[in-house]
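Coordinate analysis (summary)
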Amino acid sequence: MSFPPLLSSRERASFAVISRFISCLVTEQILRAFYVPVNDPSFGVAGLLVVLSTHTISEDVKVFRTFHPDDIYVISPLHHSPVLKDEEILKHGRLVGLVDPLDMLPSIYEFGNVGAEDCNDKFGQSILNYLKPPPWDLSARGSLCRVTDPVALWKRFVETVMISEALHEIIAQEMQSSLIWQTVAYESPPLCPNLYSPAIEWEQSLVAGHPTHPMHRARMLPENGGSLDYDWYHPRIRFVRVPIGHIELLGNFQNISQDLVDQAAKQAGDTTIDHERFVYMPVHELQIQNIVSRFQGVEVLGPHINLPALAQSSIRTVIVPNFPGIALKLAVGVKISSSLRTISHFTANFGPRFSADIVPKLAINSEILSIELETSSAVYRTQETELAKHFTAVIRDEYKVPDGQALIVCAALLETDHANTPRGVAAVQYIFELDTEEKCARFLDTYIRIACEAFLPALIKNGVAFEAHAQNVLARFDIATGELLGFVLRDLGGLRIHPPTLRQSTGVDFQFLRGHCVATDTLEETFPKFYHTFVHNHIQRLIRLLGLHYNGLGWAILRKYMEVAIPRHHPAWDVWINPNSHTVNSKCLMRMRMRDSYRDMIYSPYPNLIQLRPQQGHIVD
């Protein structure tokens, strides 16, 4: 039995969104799923992921009953076993604890009416041969049809879920935007850079972005959902004149903004700049309409006064070629993934003070980890914090790359399907010629060793959990040898910090703004942030792409170095390293979105991947 042929760009984009959505539903335990092994080499799949419908959520699955077509939400063929729950084998199969989009083969099926579009797939119909009574009775209605529309799949899910109609529709729009922009990326993929490429080329080489977020490619302008003609990576920086007393400034923001606007005005031949009474806020061009509609008493300078910029992978953080050494993080009126990318007053206040007062005192080996300091910020003075976040900017010092070194945002290394690489081959494999398991294991061993030495000490000794996902971490390589030398961490807005541990270890009584989500009540509350960003979304992706997930080798390497970095007496040992720790709290992207939550994190138990061992694909003692 042959699997369906190569998919078009539109079909691949659809699968990218759908597979992430299914992954979230199952891993976050929103819907239950069974894994049914297929012991038939001629079929070409390892097994089937059978996701149950919403009306079965309240049932005790240990009480056996036959499942019918109406009980099944989707069925996905898998090329390997997912991570299974550490429970007994039930008559329907094993309950799934975690399924990743990379586990899935690129066709997902649901029950539909015979003769409907996408219901003549012979491969799909043959799936039913492996789901027979007992315990399945799937002959009562219709046939299996390929799911090709993520929005329709979302709407089918939400029919029986308590979500407001307005939020339901917004999420549908976000999924549609993600589908559109992912299709664009697949139709015209970027080239994969090399070790001699400047860092900004790597920033702009992402093909698919976030590995598990269903709205991973969504880019929605408020007016029309986002123009397909807009050049996201080459925006213009505009300027808004604000009376000095209306802006709260930290660091050297005023002088830097003065240099920026003077350069823009000089290029435009404009002589009306007045620095004695005004601050000139640099603003992303997509934010101008928000500024005009929300803020009184400010003046947007003409469009001729602008500076060309280059956007990093986050889109809202940009560099200005004429001003090397700094990056501007700007509020931008665009919903990217599922959040409007503004900057809170918390972030503007925290970054410069934390950079100056705390970063120099953190337990960091400066040979292998550098932190890009957020040295300056500006935020509009107002008691309405939801308003202020639209008119905020942070200036970050860029890491200066030594001669002979390459600086690469780690998210770019984890991308596949560039225009100049073989299909399915990750950039990290292509650039470093990791074409054998031995080479992959050697690279991963070095990567994880240095990463654990870089990121864990601040957590263990200072109570500071870095948001070490792959878009916030840059890797330094020796160009001549390809050797990994260390990492650079950026973006301090998403840290989690236990203030008493920080105070005791640094001797600094750092003051957090009241209500700032960075500060936690307990040390243990910092752990989910680190696990989700570093283990779940960063290291897991690298392990999978290097082919070291299913055989357990990658997780053995991670355990080895985390055991070295975490003392047995530290609370993190029992949470992560204890072999009896089968689950850990991790961030729930879909649950958060369904509650319309952005800053208030929602965590639920995920399988503890640190303890993953290659026995039937699940966590064992």
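Structural notes, computed from the coordinates.

Analysis parameters
- Residues numbered from 1 in each chain as written.
- Predicted model: local features only at pLDDT ≥ 70, side-chain atom pairs only at ≥ 80, totals over all residues.
- Heavy atoms only, no water.
- Helix = DSSP H or I, 4+ residues; strand = E, 2+ residues; numbered from the N terminus.
- Buried < 20%, exposed > 50% of the residue type's maximum accessible area, 1.4 Å probe, protein only.
- Polar contact = N/O pair within 3.5 Å; in protein donor to acceptor, adjacent residues only side chain to side chain.
- Pairing = 2+ DSSP bridges.
- Expected span 1.5 Å × (residues − 1).
- Contact = heavy atoms within 4.5 Å.

For Lys335, the position within the fold is in strand S17 (residues 335-336). We classify Lys335 as buried; its relative accessible area is 18%. Of the polar contacts made by the side chain of Lys335, one reaches the side chain of Glu174; its length is 2.9 Å.

Our focus in this paragraph is the pairing of strand S16 (residues 326-330). Of all five residues in S16, five are buried, a share of seventy percent or more. Alternating positions in S16 separate into two faces, Ile326, Leu328 and Leu330 on one and Ala327 and Lys329 on the other, with burial throughout. Where strand S15 (residues 317-319) lies against S16, three bridges are found, and the strand directions are antiparallel. Across the sheet, residue Thr317 finds its bridge partner in S16, namely Lys329. Bridge count between S16 and strand S21 (residues 392-397): five bridges; the pairing is antiparallel. The residue of S21 that forms the bridge with Ala327 is Arg396.

Here we take up helix H8 (residues 345-357). Its 13 residues place the ends of H8 19 Å apart at the C-alpha level, agreeing with the 18 Å of an ideal helix rising 1.5 Å per residue. Turning to H8, its buried residues number three or more, namely Phe346, Thr347, Ala348, Asn349, Phe350, Gly351, Pro352, Phe354 and Ser355. If you follow the buried residues of H8, they end up packed against strand S10 (247-250), S16, strand S20 (374-380), S21, strand S23 (464-465) and strand S26 (496-497).

The phi angle of most residues is negative, glycine excepted, and most peptide bonds adopt the trans form. Here the bond from Pro134 into Pro135 is cis, since omega is 10°, no more than 30 degrees from zero. Summarising the element assignment, Pro135 is placed in the loop between helix H2 (122-127) and strand S7 (143-146). Although it is not a glycine, Glu433 adopts a positive phi angle of roughly 55°. Residue classification places Glu433 among the exposed residues on the basis of a relative accessible area of 56%. For Asp491, which is not glycine, the phi dihedral falls at a positive 70°.

With that settled, consider the environment of Ala33. Following the sequence through the fold, Ala33 ends up in strand S1 (residues 33-37). Among the residues examined, Ala33 registers a relative accessible area of 1% and is labelled buried. Measuring from C-alpha to C-alpha, the distance between Ala33 and Ile72 comes to 9.3 Å, with 39 residues separating the pair along the chain. Here Ala33 is in contact with Val26, Leu49, Val50, Val51, Arg94, Leu95 and Val96, once residues within four sequence places are set aside.

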